[in-house]
Amino acid sequence: NYPRRGRIAGTTGLVIDASTPGASYQWPEDGSQQAGVMYATASGPGFSPVTLADPSVISAGYPLLESTVSYSAVNNPSALVAATQGDFARLEWPVVTPSFVLPMFGTTLAIGDFLLGDDARVVIDPDDRFPLGVDQYLRIVGMSAAPADAGASMMTLTLGMPPAIAPVSQPPA
C-alpha cells in the first residue's frame, strides 16, 4: 500500500449516488475549528508573530474566522512558519466526514467494487441540505456491512477528503 492505499480519482469509475433506491446519507460538519486567518506566536525572545490568510475562503462565501496559536517548543523563526503553515492547512476548511448507507449489491456501487482508500465520485441531487446538489470526489475511509436475513443487505461507507489538495467547494446556501 505504499505510498497510499486505494486508487486515485478518475481511475476507479466509482460513483456513490445518493439517489440510489434505499440510499441515505449524513453530512456532519464541524466549522467550530475552521480558520481563514491564523495568527501565531512563539515563546522565544525576538520572534515576530506570523499571520497567514487565504482570501479564497472569504470569496467562496465563508465568514471571516480567525484563530490564534502560541507554540511553546518552537525555537527558530523558520520552525514557527512551518508549524503555522501545517496548522493552517488543517484548519482552513471544515472537517467533512460524510457517511452513506447503500445497498451492498447496488447498481452503481457494490461491495467488492472498491478498496478502502479509493477515491469515489459522490453525487447528491439537489435537496434541503444541498440546494445545488453535490458532485465531487471523496475518499472511502471506512466501511461497515449489515447483512440482512431478509430484504436488502446494506453497507455504510464513511468518506473523507482525498489525500491530494481538494478543490474549493462552495458553502451550502
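Everything that follows concerns the structure shown earlier in this document.
Scoring rules and cut-offs
- Residues numbered from 1 in each chain as written.
- Predicted model: local features only at pLDDT ≥ 70, side-chain atom pairs only at ≥ 80, totals over all residues.
- Heavy atoms only, no water.
- Helix = DSSP H or I, 4+ residues; strand = E, 2+ residues; numbered from the N terminus.
- Buried < 20%, exposed > 50% of the residue type's maximum accessible area, 1.4 Å probe, protein only.
- Contact = heavy atoms within 4.5 Å.
- Pairing = 2+ DSSP bridges.
- Axes fitted to C-alpha atoms, helices over the stretch in contact; angles between N-to-C directions.
- Lys, Arg positive; Asp, Glu negative; His and termini not counted.
- Salt bridge = Lys/Arg side-chain N within 4 Å of Asp/Glu carboxyl O.
- Polar contact = N/O pair within 3.5 Å; in protein donor to acceptor, adjacent residues only side chain to side chain.

Moving on: the environment of Ala110. Checked against the element boundaries, Ala110 lands in the loop between β8 (99-103) and β9 (119-124). Residue classification places Ala110 among the buried residues on the basis of a relative accessible area of 13%. Residues Ala110 and Ile16, spaced 94 residues apart in sequence, show a C-alpha to C-alpha distance of 9.8 Å. Not counting residues within four places of it along the chain, the set of residues in contact with Ala110 comprises Met104, Phe105 and Met155.

Turning to the sheet that holds strand β4 (residues 37-42), a few remarks are in order. Ordered by their spatial adjacency, 3 strands build an open sheet running β5-β4-β6, and the pairing between neighbours is mixed. Among the strands making up the open sheet, the edge pair consists of β5 (50-53) and β6 (66-71). The average undirected angle you get between the axes of adjacent strands in this sheet is 15 degrees. Where β4 meets β5, 4 bridges bridge the pair, whose relative direction is antiparallel. Note on β5: the bridge partner recorded for Tyr39 is Thr51. Across the sheet, helix α2 (residues 77-91) lies against β4, β5 and β6, angled at about 150 degrees from β4, the strand it touches most.

On to the side chain of Asp17, then. As for its position among the elements, Asp17 is in strand β1 (residues 15-17). Buried within the structure, Asp17 lacks any salt-bridge partner; its nearest side chain of opposite charge belongs to Arg121, at an N-O separation of 8.6 Å. Of note is the side chain of Asp17, whose polar atom sits 2.7 Å from the side chain of Ser19. If we ignore the near neighbours within four places in the chain, the residues touching Asp17 are Ala23, Leu102, Thr108 and Val123.

Moving on, we get to the environment of Thr84. Secondary-structure assignment places Thr84 in helix α2. Residue classification places Thr84 among the buried residues on the basis of a relative accessible area of 0%. A C-alpha to C-alpha distance of 8.1 Å links Thr84 and Tyr39, two positions 45 residues apart in sequence. Aside from chain neighbours lying at most four places away, what touches Thr84 is Met38, Ala40, Val50, Leu52 and Tyr71.

With mixed pairing, 6 strands are arranged side by side in an open sheet as β1-β9-β10-β11-β8-β2. A strand with exactly one partner marks an edge of an open sheet, and here the two such strands are β1 and β2 (24-26). Each neighbouring strand pair of the sheet contributes to a mean axis angle of 40 degrees, computed without reference to strand direction. Here β2 pairs with β8 via 3 bridges, running antiparallel. Within β8, the residue paired with Tyr25 across the bridge is Phe100.

Moving on, we come to the pattern of salt bridges. All chains considered together, the criterion is met by 3 salt bridges. We note a salt bridge from Arg121 to Asp135, for which the minimum N-O separation is 2.6 Å. Of this pair, Arg121 sits in strand β9 while Asp135 sits in strand β10 (residues 134-146), placing them 14 residues apart in sequence.

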